[in-house]
Amino acid sequence: MSSPEKDIELSPVKTDPNPIKTPAGGTDKLKVAVDDEEDVIIGRFRKISSAKSMAATNGNIQYPTDLPPRSDDVEAGLQMRKDPGERDKLLENNVEVKNQVTKSSFRDMEKPSRFKDQPSTTRFQMEAKPEDYVTEESEDGMDSDDPLTATDTKYGKSFRHFTREALPRLDNYRNVLSLHAAPRPTLDELHNASLSRKPGQTIEKDLAPSGMITTNIKFGWVKGVLMRCLLNIWGVMLFLRLSWVVGQAGIAESLLLILTTSVVTTITALSMSAISTNGVIKGGGTYYMISRSLGPEFGGSIGLIFSMANAVACAMYVVGFGESLITLIPANAYMVNKEWDQAIYGCITIVLLTGIVIVGMEWEAKAQIVLLIILLAAIADFCIGSVIGPKSDIELAQGFVGYNMSVLQENLWSDYRPYEGTQSHNFFSVFSIFFPAATGILAGANISGDLKDPQKSIPKGTLLAIVLTTISYLIIAVIAGWTVLRDASGEVLDVANWTMSNCGHDCRYGLHHSNDVIRLVSGFGPLIYGGCFAATLSSALASLVSAPKVFQALCQDKLYPYLEFFAKGYGPNNEPVRGYVLTFIIAVAFILMGGLNQIAPLISNFFLAAYALINFSTFHASLAKPVGWRPTFRFYNMWLSLLGAMVCVAIMFVISWITALVTIGCLLALYLLVSYRKPDVNWGSTTQAQTYKTALSGVHHLNRITEHVKNYRPQILVLTGFPAERPILTDFSYLLTKGLSLMLCGHVVQGPVNHRAREALTNRAYHWFNKRKMKSFYSIVDDVGFKDGASALIQASGLGKLKPNILMMGFKEDWLTCDRSEVVDYVEVLHKALDVHMALAILRVEGGQYSSDALDDDLRAYLHDVTDKNLSLFSRSSLSDVSLDTPQLRRAGVSADPGAAGPLAPPATAATDRDHAPKPKEKDKESRGLGSAVRRAFGASVARRASSFTSVEQFTKRQAGSVDVWWLYDDGGLTLLLPYILSTRRAWSSCPLRVFTLANKNTELELEERNMASLLSKFRIDYSALKMVADITKRPRDSTLTYFDKLIAPFRTHDDSNDATGITDADLIAARDRTYRHLRLRELISEHSSNARLVCVTLPMPRRRAVVPPPLYHAWLHAIATAADRVLLVRGNHAAVLTFYS
């Protein structure tokens, strides 16, 4: 069969100079079949793509070309090089040339755009332009007669316009809040071809101007990471404390100490490199990496104290600069005194530094370059000076003797001296003093938001900085120990006799006594002062930048209250100016307070805590092994990271165990605060992955454990429908499980529910659970009848041995008026549960269990309509696009007023007493839109009504009354166990437990009562009364029989009837004895338990249709369940749930 033919109107093309004319002398339209048109276009595309390379830019496919663009092309974007005469191979020459640009019939007829009503340009639609509209590209005069572009200038730009599918592109995986995000079509849009986006519903990418030019200053790995780490690690410790460390520990132990420090920092850097290469790193540095790895609790706590530590460290470095500066000023030149002058110089310095960083990161980077040059010159000056040797006898007298092997041998080993009287230094005390020199490795990571490529810059710059600084520290330590004496008197007269070191306790120079050794050895002393100033100022500048950057990222995540004020940024770089001001205030306050020597160990411990958590983050991610843990940096080891974390914690206690405890206490307090606030963030942390892994491992382990009666737990599948519809049934089930065993709320919906509505219902159900502090699961089954849905839940619910063993249902109140098939289905569900050896529990409460008070109007309307059997057409509509009072529903015969639709079908849940529930009022029409129901489910909790989380509290509040247990038959003990569990709950602890059981022989009542009492005592069941029922076989009263006859009258039928749901005389005769027992039981319950708070009765065993008709069985249940206001019918699976063995 030939394909239907249609006209294709082509854009202007360069026709052959000698076209083939038709007899009429005109140019015919090209007649191409639909299939042929697709072959031409797709074949042309394949030929081009196989020969040309494609480059994707923001999802657009572009082809390089050497041809000038056409001047009359209304939309540029697809340019390609084609061979001469290629058009002639694809198209016939007899084409009609038209100037009007039209749509492609292939795209419009076969695959309509899902954004066809959208005004802005997206991946699936190019905005139509007027005929005379000329873009910049069209002015260039692109000349192309390719059929892919010539036949369709609207959709012919690239292959993606011929399908609704999205090609794999970077923008498809961006965060939805990103301006460059290009969301792929949803599964519903592809699967349900009729769905499309609403008009005016645009993508953020479309609203963003293309080709936006940003002026953000971004740094590479040298200027952004390497320089900052070098400046921070080459701190004041290099000039003032390293020589003292060599004097105390000796050259050998000093090298060991430096290497130990480097090992710790290297392990931390490796861990940090693994984290930083496992995805895009944004602003926040250390806080960002820890929070996204370990979650908001760890990240929020370390982010706050890390910001505070940097702010105080800035004050510390400025005070160090002031101390160095004040030594150069003579005492008679002080403005006030030494302490106040030092504070004044520090405040002036912090003002200048704050001004530099507020002006912009570019100026701060330039200042860092100048400081680094000075610092490198100072180090080189020291090395050159050691080679030159002492330049005078004064330097010799002060201990600088040049390279000397005897001095090297003397300084090789340790010589720990006492301090503060009698206490002597040791390796760990010296280590605690030196280690803060290595706390600068995070300087580059802390400005991760200002780096061009943090994933490459942080590992490369940090590791290289550690290598360079370690080598420099080792060289300087060796030079200091090789060229300078431990003790020197400073007296020139001692040089002749070489007795400079014989000064005893009066020595003022040498490695042990002087902090000026580096200047002494240097070739040009003033340059060392410049290096010392550069070290302090660079460290202060780095801390002044790090603290606000980290703090801003923390405030933007809103983990702590009242901190959002500091989240705002200014300028193209989003500078945290408010954070700079706060850091300035904190720094000035600590500069004026002084006493930083006591705070310094606490600051070091704060940095060490950050190191420990970075190492632990890498270990935890490697341990949890989430699929998303794919760092491109491979040179790390999970156990090495764990070792690094443990070493960092150990160093915290070595430095100061008091400050270590204070640090841990601060972390714990902040952790608990964030945990209590439960911020609404989801970063895919490894704690979530570990939770899943632990749960899965626990289920596997549970599956290998043999069940024992002592460990029996009631795991309940309760058919509540939507849990808030039957709060009484839900509350009662949770009283039995109470978070100690499994509870699963099953919801069976007769109509189909799309994915969005399913997610909305699930979210709303769990929100309701959380508000009522319930630990339960929710499962929904749609597009099936009640029997099939309940059967699916019974068979498929649970995982391994973590699956329900009790089916709890509400009593079917409308069994007399509903369709008879529903009565049969209800009993069939009981049969199915027994087939899989599940216990049964049926709860009846006077007045019914359905309550719509806990539902919002929109949710109530949706649940009301989705369970109507006649709304199958409506149920298959998009929940987001259809409301109750729309033309689509009116055409389907659905009225906005539920009462106008006629009698409602019973709901597809176990407790089918919704007929007694009030119908939605007409004034609520506007709020009953189904789209609104879903939108509210995803909205903020503040939109909820306050009454959405209240219900009838019959079972959750303390009330008077007893719990009467009618343990008629031995079902394994479940009839007795459930009331006992109930009596252990707070709301039921004051209700005494009374036990009623049947006697075997009337002549042995006392003996049987003693045996039952003995059994209960062995079961350790506390009860207040025990009664043996002896007259259960007595004939019921005539009034009871009359009541029962009226109950079953609607179901009576003749013996020869084919009605499978009727009750014949033969059925009544065959079950007469059982009927009498159940009716007699009704009388006994009414007589003894009418005032009980709850009556628990053994459920009559349901029999198949050949024995007991479903209506007759329902009549038995009705007779027993209506004997008291609250009745629980229980039937165990005849496996023991009680034992008296230990």
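Residues numbered from 1 in each chain as written. Predicted model: local features only at pLDDT ≥ 70, side-chain atom pairs only at ≥ 80, totals over all residues. Heavy atoms only, no water.

Peer 1: For this particular structure, what's the right way to read the overall build of the protein?
Peer 2: Helix and strand counts for the protein stand at 40 helices and 18 strands. In the protein, which comprises 1142 residues, the share counted as buried stands at 52%. For the protein, contacts bridging at least 24 residues in sequence account for 81% of all contacts bridging at least 6. In the structure as shown, the protein presents an accessible area of about 52,300 Å², 56% of it carried by carbon and sulfur atoms. (Helix = DSSP H or I, 4+ residues; strand = E, 2+ residues; numbered from the N terminus. Buried < 20%, exposed > 50% of the residue type's maximum accessible area, 1.4 Å probe, protein only. Contact = heavy atoms within 4.5 Å. Areas by Shrake-Rupley, 256 points an atom, 1.4 Å probe, with all protein chains shown as cover.)

Peer 1: Which parts of the structure should I look at to understand the packing of helix α8 (residues 221–233) against helix α14 (residues 361–388)?
Peer 2: Between two packed helices, the angle of one axis relative to the other and the distance separating the axes together describe the packing. For the pair α8 and α14, the least separation of the axes is 10 Å and the interaxial angle reads 45°. In terms of orientation, α8 and α14 fall into the oblique class. Crossing hand, α8 versus α14: left-handed. Contacts between α8 and α14 involve Lys223, Met227, Arg228, Leu230 and Leu231 from the first element and Met361, Glu364, Ala365, Gln368, Ile369, Leu371, Leu372 and Leu375 from the second. (Axes fitted to C-alpha atoms, helices over the stretch in contact; angles between N-to-C directions. Parallel < 35°, antiparallel > 145°, perpendicular 65-115°, else oblique. Left-handed = near helix turned anticlockwise from the far one by under 90°.)

Peer 1: I tried to follow the sheet that holds strand β15 (residues 993–998) on my own but got confused; where do I start?
Peer 2: Two pairing modes exist for strands in a sheet, parallel and antiparallel, and in both the strands are linked by backbone hydrogen bonds. Strand order across the open sheet formed by 10 strands is β11-β10-β9-β12-β13-β18-β17-β14-β15-β16, with mixed pairing between neighbours. Both edges of this open sheet fall to β11 (777–782) and β16 (1025–1029), since each of them pairs with a single strand only. Looking at each pair of strands side by side, their axes are set apart by 20° on average, direction ignored. With 5 bridges joining them, β15 and β16 adopt parallel strand pairing. Bridged to Arg994 within β16 is Ala1025. Along the sheet, helix α30 (residues 820–835) contacts β12 (806–810) and β13 (839–845); its crossing angle with β12, the most-contacted strand, is approximately 165°. (Pairing = 2+ DSSP bridges.)

Peer 1: Hey, could you run me through the nonpolar core in this one?
Peer 2: Side chains that are nonpolar tend, in soluble globular proteins, to be buried together. If you look at the biggest cluster of nonpolar residues, it comprises 131 residues, and the most contacted ones within it are Phe239, Phe434 and Tyr473. Of all the elements, helix α21 (residues 525–556) adds the most residues to this core, at 16 residues. Core analysis: the next-biggest nonpolar cluster, separate from the first, contains 63 residues, Val753, Met808, Ala987 and Met1028 among them. (Core = buried A, V, L, I, M, F, W, Y, C linked by side-chain atoms within 4.5 Å.)

Peer 1: Sorry if this is basic, but what is going on with the environment of Arg169 here?
Peer 2: Along the polypeptide, Arg169 turns up in the loop between α5 (147–150) and α6 (187–191). For the pair formed by Arg169 and Ala182, sequence separation is 13 residues and the distance between their alpha carbons is 8.9 Å.

Peer 1: Which parts of the structure should I look at to understand the pattern of salt bridges?
Peer 2: If charged atoms from side chains of opposite charge come close, those side chains can pair. One pass over the full model with this rule turns up 20 salt bridges. Taking the shortest distance from any N to any O, the salt bridge between Lys391 and Glu395 comes out at 3.3 Å. What makes Lys391 partly exposed here is its relative accessible area of 46%. The salt bridge involving Arg1080 is made with Glu1083; its shortest N-O contact spans 2.9 Å. Remark: Glu1083 and Arg1080 occur in helix α39 (residues 1072–1088); sequence separation between them is 3 residues, near one turn of the helix. Within this structure, Asp1031, Arg1037, Arg1080 and Glu1083 form a network of salt bridges that share partners. (Salt bridge = Lys/Arg side-chain N within 4 Å of Asp/Glu carboxyl O.)

Peer 1: Would you mind going over unusual backbone geometry with me for this structure?
Peer 2: Leaving glycine aside, a negative phi is the common case for residues, and trans is the common case for peptide bonds. For Lys625, which is not glycine, the phi dihedral falls at a positive 55°. With respect to the helices, strands and loops of the structure, Lys625 is situated in the loop between α23 (596–624) and α24 (638–655). In this structure Lys625 comes out as exposed when scored by relative accessible area, which is 63%. The phi torsion at Lys738 lies on the positive side, around 55°, for a residue other than glycine. Of the residues examined, Lys738 reaches a relative accessible area of 40% and is grouped as partly exposed.

Peer 1: Quick question: what am I supposed to make of the pairing of β11 here?
Peer 2: Regular strands have side chains that alternate between both faces of the sheet. Pairing geometry for strand β10 (residues 743–749) and β11, over 6 bridges, is parallel. When the bridges of β11 are listed, Gly746 appears paired with Ser779. After leaving β10, the chain enters helix α28 (residues 755–771) and then returns to the sheet as β11, a path that is right-handed. (Right-handed = clockwise from strand over helix to strand, strands pointing away.)

Peer 1: Help me out: how do you make sense of the pairing of strand β17 (residues 1094–1098) in this one?
Peer 2: In terms of burial, β17 is a largely internal element, 5 of the 5 residues being buried. In the sheet, strand β14 (residues 963–967) pairs with β17 via 4 bridges, with the strands oriented parallel. Paired with Val965 across the strands is Cys1096, a residue of β17. Pairing analysis gives 4 bridges linking β17 to strand β18 (residues 1126–1131), with the strands arranged parallel. Its bridge partner being in β18, Thr1098 is matched across the sheet by Val1130.

Peer 1: Please clarify how a nonpolar patch on the surface should be interpreted in this entry.
Peer 2: On the surface, Val649, Phe653, Trp657, Ile658, Leu661, Val662 and Ile664 cluster together into a nonpolar patch covering about 620 Å² of accessible area. When contributions to the nonpolar patch are tallied by element, the ones reaching two or more residues are α24 and α25 (657–677). By residue number, the principal contributor to the nonpolar patch is α25, which donates 5 residues. A relative accessible area of 34% means that Val649 is categorised as partly exposed. (Patch = residues over 30% accessible without salt bridge, like charges linked within 9 Å, V, L, I, M, F, W, Y side chains within 5 Å.)

Peer 1: Whenever I open this one, the environment of Glu1006 confuses me. Can you help?
Peer 2: Here Glu1006 shows up in helix α36 (residues 1005–1018). Residues Glu1006 and Met1028 lie 22 residues apart in sequence; the distance between their C-alpha atoms is 8.7 Å.

Peer 1: Help me understand the confidence of the model for the protein in this model?
Peer 2: It should be kept in mind that the predicted coordinates are not to be read in detail where pLDDT is low. With 75% of its residues at a pLDDT of 70 or more, the protein has an overall mean of 77. Between the elements of the protein, mean pLDDT differs from a low of 33, seen in helix α32 (residues 872–875), to a high of 96, seen in strand β9 (residues 716–719). For residues 1–156, every residue scores under 50 in pLDDT, and the model assigns this stretch 273 contacts once sequence neighbours within four places are set aside. (pLDDT = per-residue confidence, 0-100.)

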